[in-house]
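This is what each chain is made of:
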Amino acid sequence: MKKFLACLLIIAVFGGFLFFTGWTQRKISSDEVGIVVSKIHGIDPEIVQKGKFTFHKAFWIPGNAEIKKFRLQPCFSENTLSGSLPSADFYKGDSIYSFDYSFSFSTEIHVNPEDVFNLYSKNKITGSDDLEKYLQLVSREICQCTASFYLTELSKNPGFIPESLTIIDLYKACKFNEKFPDVEIDALALKTSKIPDYTLYNLAREKTYKMEQ
């Protein structure tokens, strides 16, 4: 009887050890998600996150598996994009007119657990620091796309008002879903803008063209 109870105790202790070793949810904090990578099976498709029970047998083999942890937090950034219209200095000549432009944006973006997995699988990120840098880079690219769209619209319609567009309008016009499928854009605001005088710019180009004929 004592041997039987001892065996049950050993089994229970060993079973508990295996359970806690493979229970991956407890290995991350509340603001993180994890991706299990093992030497035998590679990247596990099951994402480790709080509030969802996850268990990975890969941890039963010492040194076989590890959890890549990523902090899930919004990325807030501000970007200013400035420049001049093509050949602006040439067309303005000795005049005091300026064909410079400037757009200042504030953005907020984030990624979902599934997005983190996709980015890691594509070798775009390897850890939380990489994810933060990636989001900062994407934020700037979003602003660049928006500024390019503004300039294109202004070239077609000098009376175009960039501030009149909503984030939904920009989503459709700039095709953010296609260009940035792994991020969610929560906010995109134009804080300040300096718009070049396209009417005068076009007149200067036409005048220069006629003089060269």
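Up top is the structure.
As a convention, each chain's residues are numbered from 1 in the sequence order in which they are written. The predicted nature of this model means local features are confined to residues of pLDDT at least 70 and side-chain atom pairs, given and counted, to a pLDDT of 80 or more, with totals for whole chains, interfaces and linings taken over all residues. Note that the side-chain values use all heavy atoms of the structure and ignore hydrogens as well as water.

Participant: Mind laying out the side chain of Asn 79, listing which residues take part and the relevant values?
Facilitator: Runs of H or I in DSSP of at least four residues are treated as helices and runs of E of at least two as strands, each being numbered from the N terminus. Mapped onto the secondary structure, Asn 79 falls in strand S5 (residues 75-84). Polar side-chain contacts of Asn 79 include one of 3.2 Å to the side chain of Arg 140. Note on definitions: a residue-residue contact is assigned when non-hydrogen atoms from the two residues lie within 4.5 Å. In contact with Asn 79, other than residues within four places in its own chain, are Phe 103, Ser 104, Phe 105, Ser 139, Arg 140 and Cys 143. Here a polar contact is recorded for every N or O atom pair within 3.5 Å, except that within protein the pair must consist of a potential hydrogen donor and a potential acceptor, and residues adjacent in sequence are included only if both atoms are side-chain atoms.

Participant: Give me helix H3 (residues 113-121): which residues, what numbers.
Facilitator: Looking at H3, one finds that the buried residues are Pro 113, Asp 115, Val 116, Phe 117, Leu 119 and Tyr 120. Of the surrounding secondary structure, the elements contacted by the buried residues of H3 are strand S1 (32-38), strand S2 (42-43), strand S3 (48-49), strand S4 (65-71), helix H4 (128-156) and strand S7 (184-194). Immediately beyond the C-terminal end of H3, within one or two residues, lies Asn 123, with a positive phi of roughly 65 degrees. Think of it in three bands: with a 1.4 Å probe and only protein chains considered, a residue is buried below 20% of the maximum accessible area for its type, exposed above 50%, and partly exposed in between.

Participant: Could you give an account of the sheet that holds S5, with specific residues and numbers?
Facilitator: As summarised here, the arrangement of the three strands in space is S5-S6-S7, forming an open sheet in which the pairing is antiparallel. Among the strands making up the open sheet, the edge pair consists of S5 and S7. Direction aside, neighbouring strands of the sheet carry axes that sit 20 degrees apart on average. Direction of pairing for strand S6 (residues 100-110) relative to S7: antiparallel, over a ladder of nine bridges. A pair of strands counts as paired when DSSP detects no fewer than two bridges linking them. Lines fitted to C-alpha atoms define the axes here, with helix axes fitted over just the stretch in contact, and angles between the N-to-C directions of these axes take values from 0 to 180 degrees.

Participant: Can you break down the state of the cysteines residue by residue, with the values?
Facilitator: Cysteine sulfur pairs qualify as disulfides if the two atoms are within 2.5 Å. For the structure on display, the rule yields zero disulfides. Cys 143 carries a free sulfur, and the closest cysteine sulfur to it, the one in Cys 145, is 9.3 Å from it. Cys 145 supplies the cysteine sulfur nearest to Cys 174, a cysteine that is in no disulfide, at a spacing of 6.3 Å. A relative accessible area of 4% means that Cys 174 is categorised as buried.

So, to be careful, I would describe these as geometric facts and stop short of saying anything about function.
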